[in-house]
Amino acid sequence: MRIVVLAGGIGGARFLLGVRAVAREVGAEVTAVVNVGDDVTLHGLRICPDLDSVMYTLGGGADPERGWGRVGETWTVKEELAAYGAEPTWFGLGDKDIATHLVRTRMLDAGYPLSAVTDALCDRWQPGIRVLPASDDRVETHAVVEVDGVTKAIHFQEWWIRHRAELPTQRFVFVGAETAKPAAGVLDALAAADVVLVAPSNPVVSVAPILAVPAVREAVATGKAPVVGVSPIIGTAPVRGMADKCLAVVGVECSPAGVGGLFGARSAGGVLDGWLVDESDAGVEVPGLTVHARPLWMTDEAATGAIVRAALSVAGVS
Ligand code: FO1
């Protein structure tokens, strides 16, 4: 069986631990198509938070408390940069993490596409699945905000970290998405997939930027493989992170029904066939979608594996 997972953020990385566990049991191949909308260049370094969260988490090097960055991290370079007053001081780069960005930036500057760079970085981390950026092109999430009566676009990381998602925000823009092409390998993986899973990642700033690449959306929406999503919302709150604030920006209710409706049914121009919601949300209905309910807390790899098995069963491929 070939499983493709659309993923971003820490929720996506943790979901992939369960996907990998199930894939090992059933002998499936897994490809993660990962959000690049959070990527940013700071201090001259290209930083890809979602690719790194996936790589570090599956490679056993992620910090379990923060969720992002490396376990056992030190912060000497960050402190030295702050001592110089080198902005942005609101973004924390750990010493070990910086090595990843140095290798990535050097390879990108030498002309390698992000997919090849990611492959090279994964040689060290051995994530046990194929990790692909959604695009080798720049697709960068910006938030259109109002500050002191002035409307301007700021990078997602500035909105998320510096302003804790609390600025009055009109909308998100995925800069470059319209003309971006899927990264090498993405369309082949989708064409060969037996099932596509949408991880319980932030729907607005993790999954939407992947689907904003026109050929990716087209391949997911019209492909032969069934597409099943796992709700990142339980009740009225995100399982993790600030998806509630992002959903408010796009005017979607923070609920499993709201997010299911945002993705929409493939039969009605959306991207999903099935939608897995938490057991406490049993009875939720989304037009055009097969909705199943089961416990969705990813407390450990076994619990996450059980969620993945349920998603495969909704897809009819288990
Ligand atoms: N999140 C923070 O809240 N503060 C930080 O200083 C920070 C730095 C950082 C550096 C590298 C990296 O890969 C991720 C980092 N994150 C940080 C997490 C990141 O901003 C977001 O959680 C993701 O982009 C959302 O998926």
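Conventions and cut-offs
- Residues numbered from 1 in each chain as written.
- Predicted model: local features only at pLDDT ≥ 70, side-chain atom pairs only at ≥ 80, totals over all residues.
- Heavy atoms only, no water.
- Salt bridge = Lys/Arg side-chain N within 4 Å of Asp/Glu carboxyl O.
- Buried < 20%, exposed > 50% of the residue type's maximum accessible area, 1.4 Å probe, protein only.
- Domains from an automatic or database assignment.
- Contact = heavy atoms within 4.5 Å.
- Buried area = accessible area lost by both parts, 1.4 Å probe.
- Polar contact = N/O pair within 3.5 Å; in protein donor to acceptor, adjacent residues only side chain to side chain.
- Helix = DSSP H or I, 4+ residues; strand = E, 2+ residues; numbered from the N terminus.

Per an unreviewed UniProt entry, the recorded name for the chain is 2-phospho-L-lactate transferase, and the organism is Dactylosporangium fulvum.

Trainee: Could you clarify how one ought to interpret the pattern of salt bridges in this entry?
Mentor: Evaluation of the coordinates by the stated rule reveals nine salt bridges. Between Arg138 and Glu140 there is a salt bridge; the shortest N-O distance is 3.1 Å. Its relative accessible area of 8% is what places Glu140 among the buried residues. What you see here is one network of salt bridges that share partners, running through Arg46, Arg138 and Glu140.

Trainee: I tried to follow the domain arrangement of the chain on my own but got confused; where do I start?
Mentor: It is common to give the size of an interface as the accessible area that goes away when the parts come together. Under the domain assignment, the chain is made up of domain 1 (2-137 + 178-315) and domain 2 (140-177). Computed from C-alpha coordinates alone, the two centres of domain 1 and domain 2 are separated by 21 Å. Tallying the contact residues gives 24 residues for domain 1 and 20 residues for domain 2. Interface area for domain 1 against domain 2, summed over the two sides, is near 1,800 Å², with a carbon-plus-sulfur share of 68%. Its largest share of buried area at the contact with domain 2, domain 1 owes to Trp90, Met242 and Val249, together 36% of the area lost on that side. The interface formed by domain 1 and domain 2 includes two salt bridges. Measuring nitrogen to oxygen at the nearest pair gives 3.2 Å for the salt bridge that ties Glu166 to Lys245. Along the contact surface separating domain 1 from domain 2 lie 10 residue pairs in polar contact (both at pLDDT 80 or more). Where the side of domain 1 that touches domain 2 is concerned, the elements lending two or more residues are α8 (203-211) and α10 (243-249). A per-element tally of the side of domain 1 that touches domain 2 places α8 first, with four residues.

Trainee: Explanation requested: the environment of Arg20 in the structure shown.
Mentor: For Arg20, the position within the fold is in helix α1 (residues 9-26). Between the C-alpha atoms of Arg20 and Leu58, which are 38 residues apart in sequence, the distance is 8.6 Å. Among all residues touching Arg20, those that are not within four sequence positions of it are Leu58, Pro127, Gly128 and Ile129.

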